Amino acid sequence: MKQFIHKSMAMVMAVVVLLTTMSFTVDMHYCGDTLVDFSFIQDVKTCGMGKAEPAKSCSNSMISKKSCCSDEQLIIEGQDDLKQDFSQLTFEQQIFVAAFTYSYISLFEGTESQEISFSDHSPPFIRRDLQVLHQTFLI
């Protein structure tokens, strides 16, 4: 079970890295406020209303109809630089890294003290030998 969880988490992290580094574009076609078509791969199919040209007459040459259709393009760019550059740390960040490193390393240093705190106390009195009583022996 532990191996399955480990492999599944590795796959999830690989997919997250893939999705964050991948760039893609979504093309959308709207007629008014209604989404008619969207596409990830190719250009969207229009409803045909954007291509229709209004008839121009001599009496209404100043009036031109605006198309109710619109095309939108949503561009999502992924990360290009996954490795952080540590040469551009601010002074406060450098102080934090130095203090954290020093305090982390000092956690694992041994003590010089040879003091044994329990040497003045006698061991407890054993009424019965429990290992013999319960017949549990370490071999």
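Residues numbered from 1 in each chain as written. Predicted model: local features only at pLDDT ≥ 70, side-chain atom pairs only at ≥ 80, totals over all residues. Heavy atoms only, no water.

### Remarks on a nonpolar patch on the surface
Quick reminder of the rule: Residues enter patches when their relative accessible area tops 30% and they take part in no salt bridge; the joining distance is 9 Å for like charges and 5 Å for the nonpolar side chains Val, Leu, Ile, Met, Phe, Trp and Tyr. Surface accessibility in these figures is a Shrake-Rupley result with a 1.4 Å probe; residues are shielded only by whichever protein chains are displayed. Any carboxyl oxygen of Asp or Glu within 4 Å of a side-chain nitrogen of Lys or Arg constitutes a salt bridge here. Segments assigned H or I by DSSP are reported as helices when at least four residues long, segments assigned E as strands when at least two residues long, and all are numbered from the N terminus. The cut-offs for exposure are 20% and 50% of the maximum accessible area for each residue type, with area from a 1.4 Å probe on protein chains only; residues under the lower value are buried, those over the upper are exposed, and the others partly exposed.
Residues V15, L19, M22, F24, L35, F38, F40, I41, L74 and I76 make up a contiguous nonpolar surface patch of roughly 970 Å² in combined accessible area. At the level of secondary structure, the elements contributing two or more residues to the nonpolar patch comprise α1 (2-21), β2 (34-39) and β3 (69-76). With respect to the helices and strands, the residue F24 is situated in strand β1 (residues 24-31). For F24, a relative accessible area of 31% translates into the label partly exposed.

### Some details on the pairing of β2
Note the cut-off: When DSSP locates at least two bridges between a pair of strands, those strands are taken to pair.
Across five bridges, the pairing between β1 and β2 is antiparallel. Paired with D27 across the bridge in β2 is S39. In textbook terms, the turn of a hairpin is the stretch between consecutive antiparallel strands, and for β1 and β2 this stretch comprises two residues, one of which, G32, has a positive phi near 75°.

### Focus on the UniProt feature "signal peptide" (unreviewed entry) in the protein chain
Selection criterion: UniProt positions are given in the numbering used here, feature names are shortened, and annotations may be inferred rather than shown by experiment.
In the numbering used here, UniProt assigns the feature "signal peptide" (unreviewed entry) to residues 1-25. Structurally, residues 1-25 comprises 80% helix and 8% strand, and the distance from its first C-alpha atom to its last is 39 Å.

### Digging into the packing of aromatic side chains
Our working definition: A pair of Phe, Tyr and Trp rings is counted when the ring centres sit within 6.5 Å of each other, with Trp represented by its six-membered ring. The angle between the planes then sorts it: under 30 degrees is stacked, over 60 is edge-to-face, the rest tilted.
Summed over the entire model, instances satisfying the criterion amount to five aromatic pairs. A centroid spacing of 6.2 Å and a plane angle of 15° characterise the contact between F100 and Y104, whose relative ring orientation is stacked. Of this pair, F100 and Y104 both sit in helix α2 (residues 91-106), separated by four residues, roughly a single helical turn. Judged by relative accessible area, Y104 falls into the partly exposed class, the value being 47%. Grouping aromatic residues by their ring pairs yields a cluster made of F96, F100, Y104 and F108.

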